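# Structure assessment
These are the residues of each chain, in order.
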Amino acid sequence: MSNFPFTATECIAAFNSGEVSASEIATASLERIRHANPALNAFIEITGERTLSEARLLDAARKRGASMLPLAAVPYAVKNLFDVEGITTLAGARLYAHNPPARRDGKLLERLHGAGGLLAGTLNMDAYAYGFTTE
């Protein structure tokens, strides 16, 4: 797994060539996140089921011979400043912890999904994106 593609360019090339499936990239990425996150505290939410579901759709599209999207099989994460369907948008502030989850993805996520990206989760951040310590 250490030689597995993990830059965006490597993921795109490996997926488009058929060397690996989007599901394999997603699974390996989620494993790395789960391994590293306890020490890093970078991810607030890991969207594993969604990541794998998006990957399966890309694998099926490739199998059908569909043309591949520009970010096909590239895992990504967003700060918890962007609406992600089913996740409460905290903007780094505990004040919003009791708000309901977002009903739909924000425009940025719609575009990344439309380009073939695989959402891995939401990331920790300073309140209102104002700061640099991410505590």
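Residues numbered from 1 in each chain as written. Predicted model: local features only at pLDDT ≥ 70, side-chain atom pairs only at ≥ 80, totals over all residues. Heavy atoms only, no water.

### Things to note about the pattern of salt bridges
For clarity, the cut-off: The working definition used for a salt bridge is a side-chain nitrogen of Lys or Arg within 4 Å of a carboxyl oxygen of Asp or Glu. For the exposure calls, accessible area comes from a 1.4 Å probe over protein chains only, and a residue counts as buried if that area is under 20% of its type's maximum, exposed if over 50%, partly exposed in between. The helix and strand labels rest on DSSP assignments: H or I over at least four residues marks a helix, E over at least two residues marks a strand, and numbering proceeds from the N terminus.
Applying the stated criterion across every chain, the model contains 4 salt bridges. For Arg104, the salt bridge goes to Glu110, with nearest N and O atoms at 2.3 Å. A residue is classified by how much of its surface remains accessible, and Arg104, at 54% relative accessible area, is exposed. A salt bridge links Glu110 to Lys107; its shortest N-O distance comes to 3.4 Å. Here Glu110 pairs with Lys107, and both are found in helix H4 (residues 107-114), just 3 residues apart, close to one helical turn. According to the relative accessible area criterion, Glu110 is partly exposed, its value standing at 27%. Bridged by salt links that share partners, the residues Arg50, Glu54 and Asp105 form one connected network.

### Structural notes on the packing of aromatic side chains
Given two aromatic rings, one states the distance between the centres and the angle between the planes to describe the pair. Note the cut-off: Between rings of Phe, Tyr and Trp, where Trp is taken as its six-membered ring, a pair exists when centres lie within 6.5 Å; planes separated by under 30 degrees are stacked, by over 60 edge-to-face, and by other angles tilted.
This structure, assessed with the given rule, holds 1 aromatic pair. Ring geometry for Tyr96 and Tyr128: centres 6.0 Å apart, planes at 85°, overall edge-to-face. Taken together, the residues span a long stretch of sequence, with Tyr96 in the loop between strand E2 (75-79) and H4 and Tyr128 in the segment after strand E3 (118-123) at a distance of 32 residues. For Tyr96, a relative accessible area of 27% gives the class partly exposed.

### Here's the deal with the sheet that holds strand E1 (residues 43-46)
Which entries qualify depends on this criterion: Pairing between two strands requires that DSSP report at least two bridges joining them. Angles run from 0 to 180 degrees between N-to-C directions of axes, and those axes are lines fitted to C-alpha atoms, restricted for helices to the stretch in contact. Note on contacts: a residue pair qualifies if any of its non-hydrogen atoms lie within 4.5 Å across the two residues.
The sheet built from 3 strands is open, its strands ordered E1-E3-E2 with mixed pairing. Across the chains shown, the open sheet's two edge strands, defined by having one partner strand only, are E1 and E2. Averaged over all neighbouring strand pairs, the angle between strand axes comes to 35°, with direction disregarded. Of the strand pairs in this sheet, E2 and E3 are connected by 5 bridges, and their pairing is parallel. When the sheet's bridge partners are listed, Val78 is paired in E3 with Thr122. Relative to the sheet, helix H3 (residues 48-64) contacts E1 and E3, its axis offset from that of E3 by approximately 160°. Packing of H4 onto the sheet brings it into contact with E2 and E3, and relative to E2 it is tilted by some 175°.

### Some details on the side chain of Thr122
Relative to the assigned elements, Thr122 resides in strand E3. Take Thr122: its relative accessible area is 0%, and that puts it in the buried class. Look past the residues within four positions of Thr122 in its chain and what remains in contact with it is Ala42, Phe43, Ile44, Glu45, Val78, Asn80, Val84 and Ile87.

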